Amino acid sequence: SLIFDRIGIDTNDVIEAAGTKWNFLKYQPGLVGGHCIGVDPYYLAHKAQSLGYHPQVILSGRRVNDNMGPFVADKVVKLMIQKDHKIKGSRALIMGITFKENCPDVRNTRVVDIYHELIQFGLSVDVYDPWADIDEVKHEYGINILNKLDDNIIYDAVIVAVAHSEFLKIDYKKIKRNNGVIFDTKACLDRNLVDGRL
């Protein structure tokens, strides 16, 4: 997705077009957490290297995934700057912290990478996830999350990081400023609603 982003082509448009070929596998870009894809390939890579083989494809894929959180945060901040936001002190909302949609599992979630990167930019960041356990996230990642949204808070940026079914029903115009930014990492929202996506 990084290459398509650089040349101004929507990654999902490319995937849809390529999907018309009978043997194309439609893998969507995103933040891959959990163990099966997020961790286990490192075991395979380590074993391969111990046998004298350098697994370039596996390691390249891991590098891309490891850099995805900072990439998303960077894109969000650039979009905010284009809309004349003062970055330091702005409020951002990350929607979702579990490693996949409609489940409570937060093992090895890469969403925390977006959180930490936005904090480093000086933003005030809330994380909302109705599926995740508040105490578990606090214990594992040191992050205080919300299980419900505060209707009185308006955000300068909203990042949809997980495609929970609840997030598809939200009126995003009510939770963001008029010139706020919406970034959709899962391409699950109406494209006309968002300012950027993977």
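Residues numbered from 1 in each chain as written. Predicted model: local features only at pLDDT ≥ 70, side-chain atom pairs only at ≥ 80, totals over all residues. Heavy atoms only, no water.

**Structural notes on the pattern of salt bridges**
Argument step 1. In this structure the tally under the stated criterion is eight salt bridges.
Argument step 2. A salt bridge links Lys 83 to Asp 195; its shortest N-O distance comes to 2.8 Å. Remark: Asp 195 occurs in the loop between β4 (176-184) and β5 (196-197) and Lys 83 occurs in the loop between α5 (68-82) and β1 (91-95); sequence separation between them is 112 residues.
Argument step 3. When its relative accessible area of 31% is taken as the criterion, Asp 195 is described as partly exposed.
Argument step 4. In this structure, the salt-bridge partner of Arg 110 is Asp 113, at a minimum N-O distance of 2.9 Å.
Argument step 5. By relative accessible area, which is 18% here, Asp 113 ends up buried. (Salt bridge = Lys/Arg side-chain N within 4 Å of Asp/Glu carboxyl O. Helix = DSSP H or I, 4+ residues; strand = E, 2+ residues; numbered from the N terminus. Buried < 20%, exposed > 50% of the residue type's maximum accessible area, 1.4 Å probe, protein only.)

**Some points on the side chain of Asp 129**
Argument step 1. Inspection of the secondary structure puts Asp 129 in the loop between β2 (124-128) and α7 (134-141).
Argument step 2. Here Asp 129 sits buried without a salt bridge, and the closest side chain of opposite charge, Lys 186, lies 12 Å off (N-O distance).
Argument step 3. Within polar-contact distance, the side chain of Asp 129 engages the side chain of His 164 at 3.1 Å. (Lys, Arg positive; Asp, Glu negative; His and termini not counted. Polar contact = N/O pair within 3.5 Å; in protein donor to acceptor, adjacent residues only side chain to side chain.)

**Notes on the packing of helix α3 (residues 40-50) against helix α4 (residues 56-66)**
Argument step 1. Running from amino to carboxyl end, α3 crosses α4 at an angle of 140°, the nearest separation of the two axes being 10 Å. Of the two elements, α3 crosses α4, and the hand of that crossing is left-handed. For the pair α3 and α4, the contacting residues are Pro 41, Tyr 42, Leu 44, Ala 45 and Gln 49 in the first and Ile 58, Leu 59, Arg 62 and Asp 66 in the second.
Argument step 2. Grouping the amino acids of the contact of α3 with α4 by side-chain chemistry returns six nonpolar, one polar and two charged. (Axes fitted to C-alpha atoms, helices over the stretch in contact; angles between N-to-C directions. Left-handed = near helix turned anticlockwise from the far one by under 90°. Contact = heavy atoms within 4.5 Å. Nonpolar A, V, L, I, M, F, W, Y, C, P; charged D, E, K, R; others polar.)

**Comments concerning the environment of Phe 121**
Argument step 1. By secondary structure assignment, the location of Phe 121 is in the loop between α6 (111-120) and β2.
Argument step 2. Phe 121 gets classed as partly exposed once you look at its relative accessible area, which sits at 33%.
Argument step 3. Taking the C-alpha atoms as reference, Phe 121 lies 7.2 Å from Ile 87; in sequence the two are 34 residues apart.
Argument step 4. Not counting residues within four places of it along the chain, the set of residues in contact with Phe 121 comprises Ala 73, Asp 74, Val 77, Ile 87 and Lys 88.

**Some points on unusual backbone geometry**
Apart from glycine, the bulk of residues carry a negative phi angle, and the bulk of peptide bonds sit in the trans form.
Argument step 1. The phi dihedral of Asn 102 is positive, around 55°, even though this residue is not glycine.
Argument step 2. In this fold, Asn 102 is placed in the loop between β1 and α6.
Argument step 3. Of note in the backbone geometry, Ala 187 takes a positive phi value of approximately 50° without being a glycine.
Argument step 4. Judged by relative accessible area, which is 24%, Ala 187 ranks as partly exposed.

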